[in-house]
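Chain by chain, the residues run as shown.
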Amino acid sequence: MTKALSGIRVVDITNNQAGPSCGQMLAWLGADVIKVEEPLKGDPARETHRDRPDADSLFYLSFNGNKRSLTLNLKNDGAKDVFRALLKTADVLLENFGPGVLERLGFGYREVKALNPRLVYASIKGFGSYGPYRDYKSYEPIAQAMGGAMCVTGFPDSPPTYVWPSIGDSGTGMHCVIGILAALMQRHATGEGQQVEVAMQDAVVNLIRVSIRDHQRRGKPGERTGNQLGTSIPGSTYRCHPGGPNDYVFIFTQQQMWRPLLKAMEREDLIGNPKYDTAAARWENRDEVNAMMEAWTLKRTKHEVMKILAGAGVPCGACLDTGEVMTDPHLIAREMIVEVQHPVRGPYVTVGNPIKLSASSTNISTAPLLGQHRQEILRELGYSDSDISRLKSEGAT
């Protein structure tokens, strides 16, 4: 089957998570993504939280599937020549270097555009290439803090709270995917590439726009409200049997769902009760309603509660821990949890592509070993075996 991005070549010189997550999505969608790494060392993520000494870390594997690996020392003149040859064949350059680094190496946007006017030059930065914070470094928690996410996360009596879903890193990566695809579409009309830039702070701000809306309508900064969703009651987490640390469900009930909820709970006696029959009344008596809900959920497991309520049309979800996510039958059926083969590790479980295209399926493969495709890619660029040996001996690859 032809892939959606078949024929698109991406040169990925990013490290860690934000950039690699972008490159991996493009690879999942069918692009030929060539990950260019420093010889011997490679992406620092290969070492991050390494669980065994003979294999790349699971963190690295999580963000570099379906790519090919080429090692180049971009401070070496021979490697720079290879890189220029590679860029002439590419549709996209994806980078997340600090401000000015690529310019000093001779691969800033102007130089690359002169080399290949059709190339899309995509940059991921902490705070962007302009603005007062442009020279500041950023990581996931910094992006969440500076994007406003931490101050609206947590319980009222807790400090601003960091959330584990990587809205600053992978969130930025997905925003960059959108920018790249838009630039490629525009290239169909103009014949020319352009520069795409996504800042981590910008991406987080975009993701918390609801909190910004709430500030505007209330006239004050958003408050931390824990797990309570707005003023909907029920609209929070409730403990379930047997009462372990992750034995919770989230139940969300709008007005039209209140009576179906009571029927599912076999509490028809409360239908029409003025203390609970409207959203305003339930908010007024929220302590009573929440206590009633938890008394009911504590008698059942979180999966039993979800089956009963979701089956009745009431939005309800069990709070799955990471082990339950990896074995969830629904996620497995949707190929969101897949098993792949690694040349050193053997089989391991990883996350699949959340974007499902009817005419372009995704085959998930493992991340490459460092320099695994060096000879293959150099031959594609026209280098002979003797050239490849020379580049290696000169420290270029």
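Details of the structure are given in the entry above.
First things first, this report covers the structure right here in the doc. (Residues numbered from 1 in each chain as written. Predicted model: local features only at pLDDT ≥ 70, side-chain atom pairs only at ≥ 80, totals over all residues. Heavy atoms only, no water.)

What follows concerns the environment of asparagine 363. Mapped onto the elements of the fold, asparagine 363 is located in the loop between β11 (346–351) and α16 (374–380). According to the relative accessible area criterion, asparagine 363 is exposed, its value standing at 53%. On a C-alpha basis, the gap between asparagine 363 and asparagine 66 in space is 8.3 Å, while along the polypeptide they are 297 residues apart. With residues near it in sequence (within four places) discarded, asparagine 363 still touches Lys3 and Asn66. (Helix = DSSP H or I, 4+ residues; strand = E, 2+ residues; numbered from the N terminus. Buried < 20%, exposed > 50% of the residue type's maximum accessible area, 1.4 Å probe, protein only. Contact = heavy atoms within 4.5 Å.)

Let's shift gears to a nonpolar patch on the surface. Residues Tyr133, Tyr136, Tyr139, Ile142 and Met146 make up a contiguous nonpolar surface patch of about 530 Å² in total accessible area. Counting through the fold element by element, isoleucine 142 comes out in helix α6 (residues 140–146). Relative accessible area serves as the criterion here: at 38%, isoleucine 142 is assigned to the partly exposed category. (Patch = residues over 30% accessible without salt bridge, like charges linked within 9 Å, V, L, I, M, F, W, Y side chains within 5 Å. Areas by Shrake-Rupley, 256 points an atom, 1.4 Å probe, with all protein chains shown as cover. Salt bridge = Lys/Arg side-chain N within 4 Å of Asp/Glu carboxyl O.)

The strand order β3-β2-β1-β4-β5-β6 describes an open sheet built from 6 strands, whose pairing is parallel. Either end of the sheet is taken by a strand with one partner, and the two such strands are β3 (68–71) and β6 (195–199). Strand-to-strand, the axes of this sheet are offset by a mean angle of 20°, without reference to chain direction. Judged from the 3 bridges that link them, strand β1 (residues 9–12) and strand β4 (residues 92–95) form a sheet pairing that is parallel. By the bridge assignment, aspartate 12 is partnered in β4 with leucine 94. (Pairing = 2+ DSSP bridges. Axes fitted to C-alpha atoms, helices over the stretch in contact; angles between N-to-C directions.)

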